[in-house]
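Structural overview
Each chain is listed here by its residues.
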Amino acid sequence: MTMYTVMPPEQLWSGMWTEAGDTKEIRMNGLLMQVRPVNDTEAVIVRLLDCPLEAYLDPSNLPGATVPLSGNTSPT
């Protein structure tokens, strides 16, 4: 990838590969996903880690979607 910009690379890429430490992995409905807890009962999906390809087409599995942290979830 080529980026044509007048911004210094340090400013452009600062924080690009840093990830918040408050994420955790859960398995929900057979999908292993990385989530960021919002409160004790729900979390926001960060990314899918292990799932069938058709799971990416389901809008409820999109990054940013809210999922419950109780019931059919199990921490991994």
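Just above, that's the structure.
Computed from a predicted model, the values in this text were never measured in an experiment.

Describing the pairing of strand β2 (residues 31-37)
The element β2 is largely enclosed, with a buried count of 5 among its 7 residues. Examined bridge by bridge, strand β1 (residues 24-28) and β2 share 5 bridges and lie antiparallel to one another. Counted as the bridge partner of Lys-24 is Val-35 from β2. Taking the residues that link successive antiparallel strands as the turn, the β1-β2 hairpin has 2 residues, and the phi of Asn-29 there is positive, at about 55 degrees. As paired elements, β2 and strand β3 (residues 42-50) share 6 bridges and run antiparallel to each other.

Here we look at the environment of Ile-26
On the secondary structure map, Ile-26 appears in strand β1. Taking the C-alpha atoms as reference points, Ile-26 and Ile-45, 19 residues apart in sequence, are found 10.0 Å from one another.

Rules of the game
Residues numbered from 1 in each chain as written. Predicted model: local features only at pLDDT ≥ 70, side-chain atom pairs only at ≥ 80, totals over all residues. Heavy atoms only, no water. Buried < 20%, exposed > 50% of the residue type's maximum accessible area, 1.4 Å probe, protein only. Helix = DSSP H or I, 4+ residues; strand = E, 2+ residues; numbered from the N terminus. Pairing = 2+ DSSP bridges.

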